[in-house]
Amino acid sequence: MKSSTKNQNWITKVLDPARLRQWLPGVLFILVGIFIKLVLNEAVEADALTTFTTNINKTSIQIPNFVFNTRFGLDLISGLCAGIGIYQILRGFKNKLTMIIAVMGILVVFGFLVWGASGTSLSFTGMLAVMVIRSVPITIGALAGILCERAGIINIAIEGMMIAGAFAGAVVGSIFNLWAGILAAIMIGALLALVHAVLSIKYKVDQIISGTMINIFSTGLTSYLYIKFLQDTENQWLNESGFFRPMPIPGLAKIPVIGPIFFDHNLYIYAMYILVAILTIALFKTKWGLRHRSVGEYPKAADTLGVNVFRTRYLACLLSGMVAGFAGSYFSLGSVGRFEQTMTAGRGFIALAAMIFGKWNPLGALQAGMLFGFAESLTTKLSLLNFPIPAEVLLMLPYIITIIVLAGVVGRSRGPAAAGSAYEKESL
Amino acid sequence: MTNKKTSDGKRNFLSIFYEELSRSSLTIIVLSVISGFVMGGILVILTAPEVYKAFGTSFVSGLSTSWNIVAKTYSSLFLGAIGNPARIAEALGSGDRALILKAFTPFLESLVVTTPYLFTGVAVAMGFRAGLFNIGAEGQVLVGAIAAGWAGWSFTGLSPWIHVPLAMLIGALAGGLWGFVPGFLKVKTGAHEVITTIMMNYVAYYLIYYLIAAPLRDPNEVTPKTPWVLESAHLFRFFPDPIRFHFGFFIALMVAILAWYILFKTTWGYELRTVGLNPNASRYAGMNITVVTIAAMALSGAIAGMAGASEILGVTWRQSQALATGYGFDSIALALLAQNHPLGVILTALLFGFLRSGSRVMQLSAGTPVYIINILQAFIILFIAAPAIIRTIFRLKQPAAKEAPLPISLSEKKS
Amino acid sequence: MPPILELKGITKRFPGVLANDHINIKLEKGEILALLGENGAGKTTLMNILYGLYKPDEGEIFIDGKKVEITSPIDAIRSGIGMVHQHFMLIPVFTVTENVMLGEEYTKYGGFLDRKKAADRIREISELYKLNVNPDDLVENLPVGLQQRVEIIKLLFRNADILIMDEPTAVLTPQEVDELFNILKILVEQGKSIIFITHKLREVMECSDRIEVIRLGKVVGSTTPAEASPGKLATMMVGREVDLILEKNPCNLCETVLTVEKLSVRDTLNRTVVDGVSFELNGGEILGIAGVQGNGQTELVRALTGLRKPTSGKITLLGKDVSRSNPRRITELGTAHIPEDRQKDGLVLASPITENLVLNTYFHHPFSKGIVLQQLAINENATELIQKFDVRTPGISTLVHSLSGGNQQKVIIAREFSRPIKLLIASQPTRGLDVGSIEYIHDRILEKRDQGCAVLLVSTELDEIMQLADRIAVMFRGKILTIVKAGDVTKEELGLMMAGIIPTVHSEIVDSTKTRELVT
């Protein structure tokens with residue numbers, strides 16, 4: 001009798017929610033470590049070597065390739081995982097748990113990379129350079145979202161503005177030149193945003209419905225025009241804009257490791273940096289930014305102080321559209337050099353997730369964009385490495401990560417308080 | 001259009017009728033659809049090189065070319081959707097069964113295309129009623145299709161009376177799962193369902209792409225395709241080939257009517273609507289918002305899943321990798337147009353289904369890409385969502401402002 | 001010397017209602033003018049016109065004898081007019097400095113904000129008028145009284161000469177009200193002129209130099225505190241004799257209905273907002289919970305009605321433990337809840353009256369059989385209740401959002417009172433309502449009490465509590481400081497308690513087991 005109650009106490013103690021929250025992650029970490037050690041380790045030869053290269057030509061100092069025994073690398077990683085797991089069970093990281101989970105994520109990714117690159121070499125710098133490139137549409141899209149939402153208007157139509165921008169960029173770029181293409185993309189984004197603004201602000205249509213409508217319209221129209229005008233072979237000249245070549249920044253591009261990753265790209269990446277900087281300063285340090293944010297937080301208060309809520313929101317929407325259109329032009333003018341029907345592939349929505357993840361801050365958006373860019377880069381890399389997981393499943397990765405990010409972060413961050421509601425001035 | 005001045009105390013029937021008509025929301029709906037068509041027509045004109053050439057010759061020839069192009073587009077749309085009225089009349093007159101069937105083929109085909117719209121329209125409408133934007137109908141349809149298909153070719157030796165409902169059920173369950181996940185995440189973590197459902201669409205897309213490429217692949221085929229669904233799982237077709245009209249249409253109608261009943265005549269529906277209209281009040285009323293929200297999303301997904309099931313069991317009988325259907329986004333417009341009312345969805349689904357069916361013919365004969373339909377939809381949503389625009393264009397009146405009843409203090413009532 | 005402000009013939013129409021009817025008002029320099037009127041009389045509309053938020057249909061505004069056009073708040077600000085609204089126009093996530101300078105920012109190098117310069121000026125103003133405000137604080141962390149002072153600083157920052165204050169005392173304790181009045185006097189000494197909107201008779205008598213009474217959009221009387229009395233003012237405000245004293249039957253106690261033991265509740269930011277509250281409530285009595293908004297009353301009510309889970313403590317309702325129950329269980333046991341925010345919690349505005357009336361009973365017979373709703377029964381119920389509770393509406397299927405505030409509240413009362421209830425929890429039941437509705441609701445509450453129901457009345461209006469309650473509990477910072485018999489305590493003492501101070505003089509009143517120290 002006695003022993004059973006004793007067991008019962010032990011079980012209830014262990015299953016108590018607070019305790020559970022502590023040791024369960026720890027056990028998971030250890031399991032991950034074991035998985036890496038046993039499963040991954042066994043799948044490679046004992047003497048297999050993994051090479052991480054860090055050079056992409058042109059850097060001033062050539063760092064030697066990082067070669068190591070695969071099993072050793074995996075052991076190291078699994079050891080770290082287990083160690084973190086044990087610490088978690090015994091002491092628990094409490095507040096830092098989210099950070100530790102991120103660290104675990106990084107370790108797991110490393111593990112897969114080490115394992116996948118076993119026997120071959122993996123350009124680590126190359127992967128990170130691709131990360132930066134892939135983050136561009138997402139980050140700039142997120143900036144567009146921030147511009148709009150900080151003033152209180154939800155912009156779900158970033159996807160639609162992007163595809164329109166890609167199309168306009170490609171076609172105008174083919175007819176005239178690349179710069180004209182960019183201009184066209186920006187203008188088309190502004191035009192769509194104007195429609196969104198008029199609907200949301202003047203007609204007080206639900207912002208999500210109005211945004212969805214613009215998405216439907218934009219994807220429909222670009223597909224329509226593509227089929228009608230760009231598919232015939234004789235019209236191909238309309239869809240051959242070419243794209244911007246990479247321009248390394250003199251000096252900075254030569255820094256070992258960092259250089260090729262951040263400073264050896266085409267103008268879109270540099271535009272991304274500049275836009276992040278401009279937006280940060282504008283939103284938080286200028287008069288314009290203060291008024292812009294006030295309209296998104298408590299428009300009535302701003303109104304009573306003489307801030308023109310409607311004009312601010314219209315402007316915010318227009319700017320948002322311009323940035324989104326610019327982001328869209330990246331797909332054609334900054335990457336492929338032509339327009340294809342499903343170029344954007346949902347990045348407009350991932351950009352919104354990045355905006356939320358980045359807590360509606362331009363710098364946060366940059367970081368979030370890098371995260372998603374890394375996911376895409378990882379996907380490409382893994383499929384190149386003949387990773388046993390099929391390519392299609394890997395392609396799902398960015399979208400799954402978006403869901404995880406949204407689920408993990410949203411509850412804890414507060415967006416602009418008045419975002420989503422139309423502003424009602426009682427009369428006038 | 002100005003109202004004729006009528007003398008005091010004597011308003012004739014016509015002016016009253018016009019007033020009521022100009023205030024009713026049915027008018028708005030009809031005018032929105034018409035305006036949508038007009039905008040579509042304008043787009044067709046603007047993108048037809050022949051028109052510009054004709055205007056080059058003369059204004060009149062430009063106008064007539066424009067008119068011809070629009071007429072050709074819409075008439076082929078119409079004919080493709082419903083069939084040739086002359087031929088139908090003729091066939092009915094002759095009494096020849098084969099002739100009648102041939103004449104009605106376009107009409108019946110449109111009903112086939114309408115069927116998935118019925119399902120997804122109801123699904124999205126139910127979601128909206130619960131305050132949820134289910135943009136994931138696309139993915140839910142796909143997983144529903146593949147799951148139902150799998151049930152269709154995996155179970156042998158079953159009678160159709162068992163096999164068909166079983167496969168439909170499995171399709172519904174798969175769709176329900178695809179709706180459950182965003183619903184669960186929304187309630188437990190606050191993740192906005194617009195983004196999560198769209199992400200689930202992509203996940204579904206790639207997942208099924210992969211499934212068809214490898215595990216569920218028909219080994220006998222060169223290109224990736226699923227095996228054929230067994231005959232026992234086929235939805236009954238009423239007429240011989242090439243008419244594809246199948247029982248799924250009636251299942252869809254029943255689902256719509258059932259949805260209406262649940263929504264307005266049961267306590268479940270009451271809870272769903274209340275949660276959608278005011279979650280705070282529903283909490284106050286003791287409703288379990290978590291359960292209602294998740295159930296609503298799952299139900300929405302399940303119904304959308306049935307759309308996919310109906311397609312694979314009734315129409316295609318197998319799935320190849322050409323996956324994007326467009327039903328998901330279309331059904332948003334559909335539901336909004338029907339004001340999220342399941343019975344209204346029946347009407348709007350018919351509209352969209354006929355449009356879509358006709359648009360295939362239109363693309364072939366008039367050369368107008370099918371995407372004109374999307375543009376039409378966008379305009380229709382635009383006009384529905386902002387009735388003020390329609391009112392301005394057509395100079396309609398505001399609906400009678402509900403006068404605020406006098407507050408008590410004005411009535412001099414003694415307490 | 002022309003008056004510093006004159007409104008001539010101001011008229012404003014909204015659909016179905018004449019809010020302002022040819023109003024004439026003069027304000028002399030250096031005086032405090034009180035605009036008195038009940039909820040819905042048109043005072044706020046008038047001031048919104050003055051501040052440029054609305055445009056008048058007719059009428060003119062003169063400042064210092066010169067006609068001015070005020071079409072937006074910017075014009076008003078430029079004319080030297082400033083307004084402190086009833087609901088503060090402060091952005092919670094901004095600092096005091098950012099809130100104050102919004103719209104009139106100090107800048108350097110073109111567009112960059114000069115926060116330091118603005119903060120210095122704010123400190124200056126704060127010292128001059130003894131406002132005690134720190135420019136770098138985040139507004140959301142400030143207590144309500146301080147927030148109001150930030151609003152005042154906003155006006156002074158813009159050199160306003162005419163200050164409009166809309167129901168400024170709604171959120172203050174009696175002591176804070178006194179402090180506010182002192183500040184107003186300092187402002188007036190410095191040459192400012194003040195218009196003060198209120199419906200509270202006593203304050204008007206204490207603080208103003210002149211009083212204009214507004215009723216149904218018209219000015220119906222002009223007087224001074226010397227000539228007027230609360231009774232006269234009330235009659236002018238409402239247009240008929242108003243009973244300021246309610247007649248109440250003596251208390252007839254029944255069995256204990258509700259027992260609360262050491263209840264603690266945390267808010268969404270994990271702060272303890274209800275701290276070890278204990279009390280008992282019997283049938284046939286009204287326990288009034290007095291206290292300034294924000295001292296835990298809202299969360300206490302939410303815990304008692306199942307809308308929020310308490311962190312510790314016990315709630316016993318009719319002998320059953322409902323500490324962690326959901327709202328439905330509590331309702332089913334015989335509880336009625338009139339929520340603080342009637343439009344947010346108590347009604348589904350987009351639904352018809354019929355559906356709202358069965359909001360918490362729809363799953364019962366006769367309104368449903370199994371899961372099928374019985375529309376006939378629901379409609380009959382609505383017809384009956386609308387009659388019985390005198391809800392003014394065109395029909396039973398009218399959507400609730402088109403009803404007036406008073407009628408909306410009546411729908412809630414009709415719904416809650418039409419069930420057999422043992423416990424009534426009424427939270428701010430008469431907020432924002434006109435006098436007629438207020439009287440009606442007070443009568444209904446007393447009626448329930450006389451029928452043996454236990455009533456918990458939460459209100460920030462001390463008058464209401466003192467009129468209705470048999471016992472009064474004062475909440476301060478999440479604790480119940482004391483519970484006293486209504487007849488044994490004065491308003492001043494209650495006011496002190498609401499500010500956290502238990503008067504030591506009448507120590508025998510102190511009912512709780514606790515302290516007599518000064519609690520601040």
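Here the structure is a predicted model, which is why all the values come from computation and not from measurement. (Residues numbered from 1 in each chain as written. Chains lettered and ligands numbered in written order. Predicted model: local features only at pLDDT ≥ 70, side-chain atom pairs only at ≥ 80, totals over all residues.)

## Points about the interface of chain C and chain B
Alright, step 1. On the side of chain B, 26 residues touch chain C, which itself brings 42 residues to the contact.
Alright, step 2. Broken down by element, the residue count for the side of chain C that touches chain B peaks at six residues, all from helix H15 (residues 435–450) of chain C.
Alright, step 3. By residue class, the composition of the side of chain C that touches chain B is 19 nonpolar, 15 polar and eight charged. (Contact = placed C-beta atoms within 7 Å. Helix = DSSP H or I, 4+ residues; strand = E, 2+ residues; numbered from the N terminus. Nonpolar A, V, L, I, M, F, W, Y, C, P; charged D, E, K, R; others polar.)

## Looking at the pairing of strand E6 (residues 81–84) of chain C
All names here are of chain C.
Alright, step 1. Of the two faces of E6, both are covered, the one formed by Ile81 and Met83 as well as the one formed by Gly82 and Val84.
Alright, step 2. Note: E6 against strand E9 (residues 162–166), four bridges, orientation parallel. The partner of Gly82 across the bridge, within E9, is Leu163. (Buried ≥ 20, exposed ≤ 12 C-beta atoms within 10 Å, placed from the backbone. Pairing = 2+ DSSP bridges.)

## Quick notes on the interface of chain A and chain B
Alright, step 1. Listed per partner, the contact involves 37 residues of chain A and 36 residues of chain B.
Alright, step 2. If you list the elements that add at least two residues to the side of chain A that touches chain B, you get helix H8 (207–230), helix H14 (347–357), helix H16 (391–395) and helix H17 (397–409) of chain A.
Alright, step 3. When the residues that make up the side of chain A that touches chain B are grouped by side-chain class, the tally is 26 nonpolar, eight polar and three charged.

## What about the environment of A:Leu80?
Alright, step 1. Looking at the element boundaries, A:Leu80 is found in helix H3 (residues 70–90).
Alright, step 2. Here A:Leu80 falls in the partly exposed class, since 18 other C-beta atoms lie within 10 Å of it.

## Let's talk about the sheet that holds strand E1 (residues 5–14) of chain C
Residues and elements named next belong to chain C.
Alright, step 1. Sheet architecture is open: four strands sit in the order E2-E1-E4-E5, paired in antiparallel fashion. Each edge of the open sheet is held by one strand with a lone partner, namely strand E2 (17–27) and strand E5 (66–68). Ignoring which end each strand starts from, the neighbouring axes of this sheet average 30° apart.
Alright, step 2. Of the pairings in the sheet, the one linking strand E4 (residues 58–63) to E5 comprises three bridges and is antiparallel in character. In the strand pairing of E5, Ile63 is matched with Lys66.
Alright, step 3. Against the sheet, helix H1 (residues 43–50) makes contact with E1, E2 and E4, and its axis sits at roughly 115° relative to E1, the strand it touches most. (Axes fitted to C-alpha atoms, helices over the stretch in contact; angles between N-to-C directions.)

## Notes on the environment of B:Gly326
Residue and element names in this part refer to chain B.
Alright, step 1. Inspection of the secondary structure assignment puts Gly326 in the loop between helix H13 (289–316) and helix H14 (327–337).
Alright, step 2. Gly326 gets classed as partly exposed once you count the C-beta atoms within 10 Å, which come to 18.
Alright, step 3. In the structure, Gly326 is positioned 48 residues away from Asn374 in sequence and 9.2 Å away in space, judged by C-alpha atoms.

## Topic: the nonpolar core
Alright, step 1. Counting residues in each nonpolar core, the largest one holds 408 residues, and the members touching the most others are A:Leu143, A:Ala354, B:Val122, C:Leu50, C:Ile164, C:Leu457 and C:Val474.
Alright, step 2. Look past the residues within four positions of C:Leu457 in its chain and what remains in contact with it is C:Ile286, C:Leu287, C:Gly288, C:Ile289, C:Ala426, C:Ile465, C:Leu468 and C:Ala469. (Core = buried A, V, L, I, M, F, W, Y, C linked by C-beta atoms within 7 Å.)

## With respect to the confidence of the model for chain C
Residue and element names in this part refer to chain C.
Alright, step 1. Taken over all residues, the pLDDT of chain C has a mean of 85, while the share at 70 or more is 95%.
Alright, step 2. Long-range and interchain partners of residues 505–520, a stretch whose pLDDT sits below 50, account for 23 contacts in this model, where long-range means more than four residues apart.
Alright, step 3. Interface confidence for the predicted complex, expressed as ipTM, amounts to 0.80; the pTM equals 0.83. (pLDDT = per-residue confidence, 0-100.)

## Details of H14(B)
All names here are of chain B.
Alright, step 1. Along H14, 11 of the 11 residues are buried, which leaves the element largely enclosed by surrounding structure.
Alright, step 2. Those residues of H14 lying buried are Tyr327, Gly328, Phe329, Asp330, Ser331, Ile332, Ala333, Leu334, Ala335, Leu336 and Leu337.
Alright, step 3. Once H14 ends, the next one or two residues include Gln339, with phi positive near 55°.

## Here we look at the packing of H14(B) against helix H16 (residues 372–385) of chain B
Residue and element names in this part refer to chain B.
Alright, step 1. Where H14 contacts H16, the two axes come as close as 10 Å, and the packing angle between them is 30°. Taken as axis vectors, H14 and H16 run roughly parallel relative to one another. The handedness of the crossing between H14 and H16 comes out as left-handed. Where H14 approaches H16, its residues Asp330, Ala333, Leu336 and Leu337 are matched on the opposing element by Gln377, Ile380, Ile381, Ile384 and Ala385. (Parallel < 35°, antiparallel > 145°, perpendicular 65-115°, else oblique. Left-handed = near helix turned anticlockwise from the far one by under 90°.)

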